[in-house]
Amino acid sequence: MKMLKRLVPWLLLVLFVAELLAIMFPRQQVGFHYRDFGRLPVLLNGRVQPFDSVARNALLQIRGTASVPLGDKKWFEFWKHPPKLRSTEWLLEVMLKPEIADTRPTFLIHHPDLLGELKLHDKGIEKSGLRYYSFNEIQAVVGEIGEQGRRAGRVDAQLRTSFQKEALKLAQAVFLYHRLKNSLRPEDSADFAAEIAAYQSVIKPGLEAAQARAAGQPHDEQALAALLRPFKRYDALSQQAYPLIVPPLHPETHPDEWANVGTALMDALHHGEIPTAMLFFARLANAYREGNAGAFNQALNEYEQWLAPRFEREVRKGRAEFFFNHVQFFLRATITYIFAFLLAAGALLTVTVTTGLAETLRRSAFYLVAFAFLVHTAGLIFRMALEARPPVTNLYSSAVFIGWGAVGLGLILERVYRIGLGLAAAAVIGFVTLIIAHNLALGGDTMEMMRAVLDTNFWLATHVVVITLGYTANFAAGFLAIAFVLLGVFSKLLRLPVREAEAAVAGKAPAAVERAMIGQALQKMVYAIICFATLFSFAGTVLGGIWADQSWGRFWGWDPKENGALIIVLWNAAILHARWGGIIRERGLMNMAIFGNVVTAFSWFGVNMLGIGLHSYGFMDAAFKWLLIFFVSQFILMALCSLPLRFWASYRGGDTSPGPRNGTARNPRPLAA
Amino acid sequence: MLRKLFDIFSSLKLTVVLLSLSCVLVFLGTMAQDPLGLYLVQQRFFQSLFVDYVSMSAAVKKTLQMLHIYVTPTTAADVMAAPYVPVFPGGYLLGWALLVNLVTAHFRYFKATKKKIGIALIHSGVVLLLLGQFATDLLQVESHMRLTEGETKFFSESSRQSELAIVDTTQPDRDQVVAVPVSRLSGTFQHETLPFAVEVKAVFQNATPEFVTTADDPAAASQGVGPRLKFRQEPPVTRLDSRDVPAALLELRDGEKSLGTWWVSNWLTEEPLRRLILQQSGPAVREVFARPQSFSHASRTFELALRPIRFYEPHSLTLLEFRHDKYKGTEIPKNFSSRVRVQRPDTGEDREVLIYMNNPLRYAGKTYYQSGYDDKDPRVTILQVVRNPGWLTPYLACVIVSVGLCLQFGMHLLEFARKRQTS
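Treat the numbers as computed from the prediction; the structure is a model and nothing was measured. Sequence order as written defines the numbering, with residues in each chain counted from 1. Following the order in which they are written, the chains are lettered starting with A and the ligands numbered starting with 1. Given that the model is predicted, a residue must reach a pLDDT of at least 70 before its local features are reported, and side-chain atom pairs must reach 80 or more before they are shown or counted; all residues, however, enter totals for whole chains, interfaces and linings.

## Regarding the overall build of chain B
Then comes step 1: Secondary structure elements are defined from DSSP: runs of H or I of at least 4 residues count as helices, runs of E of at least 2 residues count as strands, and each element is numbered from the N terminus. Regarding its fold elements, chain B presents eleven helices and 18 strands.
Then comes step 2: The quantity called the radius of gyration is restricted to C-alpha atoms. Its globule counterpart is 2.2 Å times the number of residues to the power 0.38. For 423 residues, the compact-globule estimate of 2.2 N^0.38 gives 22 Å, and chain B exceeds it by more than 25% at 28 Å.
Then comes step 3: With the C-alpha coordinates of chain B rotated into their principal frame, the extents come out at 95 × 55 × 50 Å.
Then comes step 4: Residues with at least 20 neighbouring C-beta atoms inside 10 Å of their own are called buried, those with 12 or fewer are called exposed, and the rest are partly exposed, where every C-beta is derived from the backbone. When each of the 423 residues of chain B is scored for burial, the buried share is 32%.
Then comes step 5: Long-range contacts, defined as pairs at least 24 residues apart, comprise 62% of the intrachain contacts of chain B with a sequence gap of at least 6. Note on contacts: each residue gets a C-beta atom placed from the backbone, and two residues are in contact if those atoms are within 7 Å.

Below is the structure:
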C-alpha cells in the first residue's frame, strides 16, 4: 500500500511523458508524405514559414480550429478518434483538389442575424453548438457575403456592430479561401504540368515576336497571341495567389525575393525559362490529383534535395516550425495543468481527512506541474528561437509568458510551503492564460514581423519582459488571495498550522510544530509577491517610459497602455503602504490583492479594448465579455472576503481573530521600527 | 494645531488615500480619452489642480458605454463651453500632495539606519521622478520638422499651434516677419513696422475649405484665394490621429481705407493639406493656389499666411536620404531612417547623422526623432523635435528606485528565509 502511494505520482508522470514522446516521434508516413510537404518553406507575412503554418493560421482564421474533423462524436466520447484532416492535408486539398475541399465543413458562421440574412439556417452541420458550412453550401451567397463585407468594411472599425464584424470576418474568410485555392496552380487548371510545359514552349517564339513587333519588323502574330493568353492568366493569378512559394532565384543577393505562383510564372518571361521550383510544384500537383502517392513522394523528395543545398537556413526554419506546430507544446501544457489542478485541489481538500492520500495527490500534482512547466518552457524557448526574439512580442505571447512566470512562482512557493497551495494557484493561472493565448491565436499568425518601432530586441527583452513579470506577480498574489478566501470561508484549513499540515502530508509525526497557520502563511506569500509585483511593475513602467523617450521623444504621454501600467504601480504602492500603516490587516490585504487582479486585467487587456492610443494592437470583443465576467467574479470574491468572520468556516466558533495576536499588523510603523 | 496638521500630512493613511485617488484619476483620464482626445484630457485631468464636472462626466459616460449602458457622450466642445466646476482632485494636486506627504513622513519616521536605506532610496527616486515630470510638463516644447530629400531647414514647426505671419518680402535677400499666434487673434491691431492695421473678422479653431460657386457669396473674401475658396467652421476634433486646422478672415486697413479681405488658413500653407484641396479643384482654383497670397501696399510687398508656429535654430538640417522599407509581401513597416546633414554656420560644424527608429539625434538641447513619413510622397520624412531639459531625470530615478526596491525586498526575503531555516 505504501509502495503504491509512492508509485502513483511517478506512474502518472510517466503517462504524460510517454504521450509527449509519442507525439514528438511519430510513426512512419504511409501514402502521401503530408508531413514532408508541410515542412517545405514558403514566405508569408514577411517571414519564412512552413506550408503547415500557412495552413494552420488560415484554418484558424476560417474555421477556428487547426484541423477539420470528418467524423462525428459526442463531446464526452474522448476515447473515439474520428478521422480528421490535419492542417497541411486540408491545404493540399484546397490548393489541388478544390472540388473535394469545397465539400468539407470549413466555414464557421455563428451570428444568427447573418445566418438569417444569408438564409443558411437549414444548411451546414452543427458541432458543439457551432455551425460549420462547406464552400458548396455558401457558394450561392458568396456575392452577398462579399457585399455585406464591403459594407461593413466602410464602417469605422470601432463603430462596427457585431453583425458587421461577423460579416466582414466571413467575407475575409471566403476571400482567403479563394486565394488559397489559387496558391499552387490556377484553380481551373486540369493538367498543370502540361499547362506549364505548353507555356514554356511558347515563351521563346512569343518573346521573339514581341521584340520584332517593338522594332517595327514583321512578326509572328500567332506566337505573340499564344504567349499573351497565358500571360494574362498568370497576371490575374499573381493577384490571387497567397503564400510566396517560389524561392528566390538569387538567394545570395536577394534572399527576400520570394514569389507567388503567378508572379513566378510571369517573371519567367524575363528569364526565358520557368523557375525550377515551379516544375516540382507542377509534378506534385499532377501526382496529387491523380492520387499517385509514389509519384508525389518522389517529386517531393527531389524538391527537398534541390532545396537543401541552396536554402539551408529556410529549410531548417521550415522543419523547426513544423515540429513546433506539430508538438503543440502549449496545448500539452494546458491539458497537464488541468489534471494537476484537480490533483492539487484534491490534496488540499483531503489533507484533514486522510493525510496519506493527500500527500500522494500533492506529489502527483507537483510532478505534473513541474512537467507541464518544462513543456511550457520548452515551447517558450522554441518560439524565441524561431522568432529570434525575446519571449514577449505581442498580446498572444504575453499571455503565454504570464502563465509561465506564474507557474514558476507557484512552484517556488510550493517548495517553501509544501501544502499544495502554490500548485493549485500555478495550475489555474497556467491553464487560464494558455486558454487566453489559444483564443488570441485565432486572429492569425502569432509570429508576425515586428513593426519598425518595436523592432528592438533590447527593449523587448527589458521593458516588455519586466512589465509582464509585474502582471504575473500581481495575478499570482491575486489568485493566492482567492485561495485564502475560498479556503477560509468554506473550510477550516486556514487554522491548520503549516508544519502540522506539512508533516501530515508527508505522513510523518509533527516534530517541530510551528505556531504559524496556513492562513498566515498565505498572508506572507501574498505580501511577498506584492513586493515583487511592485518592483517589476515600477521598473517595467519606467523602462517603458525610457523606451518611449527614445522612440517618440516623450517619457510619458498618458497613453492608455502607459496609464494602465501606472495604475498597477499606484495600486501596488497603495497596498504596501496600507499594510505598513496598519490600515489593513489580513483580509484587507487579501481584498486589495484580489482587486489587483481587476487592475492588472484592465491594464493588460482592458485598455486594448478602448480602441484608442498607440498601443491598441488588438481589438477584441468576445474577450471583452469574458473580461467583464472576470471582473464581476472578482467583486463577488471580494464581497465574500468581507463577510464577518463568524461566517468563515475557518474562524467559526472560539477564536475569531484571524491569527495569533501579534501576527496581523506586526509592523504597523515600518519607518519608525 | 501645527502639530496636528503635520501629523495628518505625514500619515500613511493620507498616502493610501492619495494613491487610491491617483488610481481613480488615471483610470478616468484613460476612459475620457476616447470622447475628449488626449490633449484636452491631459489639460483637464493631469495638468490641473482639479478635474471639472463636465470632463468627469465624459469619463463616467464612456465607462458606462463600455458596459453597454447607452448615454449621450460628452464631447470636447461641451467641456470647453461648460463653466469650470471642480469635483475631483487633478494630477497636480495629487502629485504635490504626495510629495508633501512623502517629505513630511520622512521627517516624522526616518532614522538613518542600514535597514531604511532601501526605503530612502525608493522615495528619493520617486521625488526625483515627480519633480522631473513636473518640470517636463512646464518646459517641454514639442515640434516637428518636415523635410523633402535635398531640402534644408533652420526651423521646426509646432504640431498644434499656428500663427498669422505677415511677411515683408520687399528686400530680395531677407524677409521681415510679424507673427501673431492664432490664440491671440482678435479685434483690430497694428504693428509699428506695418503700414496697415489688421482687423480680425473671424477665427475658426477648426475649419474646412469650400469652393466659392456664386459671385455674391457673402463668406467669400475679396483678395488672394478669396474669390475661389472660403472656409467653414468645424467642431474641434478629439481623435489622436487627427488635428484642428484653423482659418481666419482678415480685413486690412490703412486708416479708413480698406485694402480688401483675405482668408488665411493652414489649408493654404501645409503641403499635405494643399494636396487635398488640389486633388478636388479645377484650373481656376489651381491658378490662385499656385502662388502665396501676396499684395503690395505703400511700395512694399507683403505675404499673408496662417502657418504652424516656427521655432528657429542656429543650425540647419538637410535631408540627404529617406528610407522606408516594408517586409516582403506585407504592409508592415520594417524600418524608417533619415540620413541628415547637420550644419551650424556660426561654429562651422558640419556632419552627417542617421536618424532611425529608437535612435534619435540629440543636438543642441533638442532631440530629433524619426516620427513619420508622407504616404503620398516617398521622399519626405517627418522628424519629431523635442526640447526637454529634464529628459535625464527618469533615467536617474529609475536606477535609484530600482536599487532601493531590490535592497528593501531583498532584505525582507533574506530575513524570511533565515526565519524559515531556524524555526
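## Focus: the interface of chain B and chain A
Then comes step 1: Counting from both sides, the interface comprises 56 residues of chain B and, opposite them, 55 residues of chain A.
Then comes step 2: Of all the elements, helix α2 (residues 12-31) of chain B adds the most residues to the side of chain B that touches chain A, at twelve residues.
Then comes step 3: Gly counts as polar in this scheme, as do all residues outside two lists: the nonpolar Ala, Val, Leu, Ile, Met, Phe, Trp, Tyr, Cys and Pro, and the charged Asp, Glu, Lys and Arg. Looking at the side of chain B that touches chain A residue by residue, the class counts come to 31 nonpolar, 18 polar and seven charged.

## Topic: the sheet that holds strand β5 (residues 107-108) of chain A
Residues and elements named next belong to chain A.
Then comes step 1: Read across the sheet, three strands follow the order β5-β7-β6 without closing on themselves; strand pairing throughout is antiparallel. Looking at the sheet topology across the chains shown, the edges are occupied by β5 and β6 (125-127).
Then comes step 2: A pair of strands counts as paired when DSSP detects no fewer than two bridges linking them. Relative to strand β7 (residues 130-133), β5 runs antiparallel, the two being bridged by two bridges. Its bridge partner lying in β7, F107 is registered against Y133.

## Regarding the packing of helix α7 (residues 91-109) of chain B against helix α8 (residues 117-139) of chain B
Residues and elements named next belong to chain B.
Then comes step 1: Their axes nearest at 11 Å, the elements α7 and α8 cross at an angle of 150 degrees. Considered as vectors, α7 and α8 are oriented roughly antiparallel to each other. The handedness of the crossing between α7 and α8 comes out as left-handed. Here α7 contributes G95, L99, L102 and H106 to the contact with α8, which in turn contributes H123, V126, V127, L130 and F134. To obtain an axis, a line is fitted to C-alpha atoms, over the contacting stretch when the element is a helix, and the angle between two such axes runs from 0 to 180 degrees between their N-to-C directions. Any angle that is under 35 degrees is reported as roughly parallel, and any over 145 degrees as roughly antiparallel; angles of 65 to 115 degrees are reported as roughly perpendicular and all others as oblique. Left-handed is the label given to a crossing in which the near helix is rotated counterclockwise from the far helix by less than a right angle, and right-handed is the label when the rotation is clockwise.

## Quick look at the nonpolar core
Residues and elements named next belong to chain A.
Then comes step 1: Only buried Ala, Val, Leu, Ile, Met, Phe, Trp, Tyr and Cys residues enter a nonpolar core, and they are joined through C-beta atoms within 7 Å. With 172 residues, the main nonpolar core has A340, V369, A427, A476, L480 and V526 as its most contacted residues.
Then comes step 2: Here this core gets 19 residues from one element, more than from any other, and that element is helix α20 (residues 457-490).
Then comes step 3: Beyond its immediate sequence surroundings of up to four residues, A476 is in contact with A406, L409, G410, A425, I429 and I529.
Then comes step 4: By size, the runner-up hydrophobic cluster in this structure holds 76 residues, among which are L40, L43, L44 and L244.

## Some thoughts on the domain arrangement of chain B
Then comes step 1: On domain assignment, one finds that chain B holds domain 1 (1-94), domain 2 (110-140 + 390-423), domain 3 (141-150 + 311-387) and domain 4 (160-310).
Then comes step 2: Centre-to-centre, using C-alpha coordinates, domain 2 of chain B lies 54 Å away from domain 4 of chain B. Domain start and stop points were drawn from an automatic or database domain assignment.

## Points about the pairing of strand β14 (residues 333-344) of chain B
Residue and element names in this part refer to chain B.
Then comes step 1: Judged from the ten bridges that link them, strand β13 (residues 300-326) and β14 form a sheet pairing that is antiparallel. Within β14, the residue paired with L317 across the bridge is V342.
Then comes step 2: Remark: six residues form the turn of the hairpin made by β13 and β14, two consecutive strands paired antiparallel; G329 in that turn has positive phi of roughly 75 degrees.
Then comes step 3: Summarising the sheet, β14 and strand β15 (residues 349-356) pair through eight bridges and their orientation is antiparallel. The partner of S338 across the bridge, within β15, is I355.
Then comes step 4: A loop of four residues connects β14 with β15, the two strands running antiparallel in sequence, and G348 in this loop sits at a positive phi of about 75 degrees.

## Quick look at the sheet that holds strand β6 (residues 188-189) of chain B
Sheet strands associate in pairs through backbone hydrogen bonding, adopting either a parallel or an antiparallel arrangement.
Residues and elements named next belong to chain B.
Then comes step 1: Strand order in the open sheet formed by four strands is β6-β7-β10-β11, with antiparallel pairing between adjacent strands. Here the strands that pair on one side only, and so sit at the sheet edges, are β6 and β11 (257-265).
Then comes step 2: Judged from the eight bridges that link them, strand β10 (residues 247-254) and β11 form a sheet pairing that is antiparallel. For D254, the partnering residue across the bridge sits in β11 and is K257.

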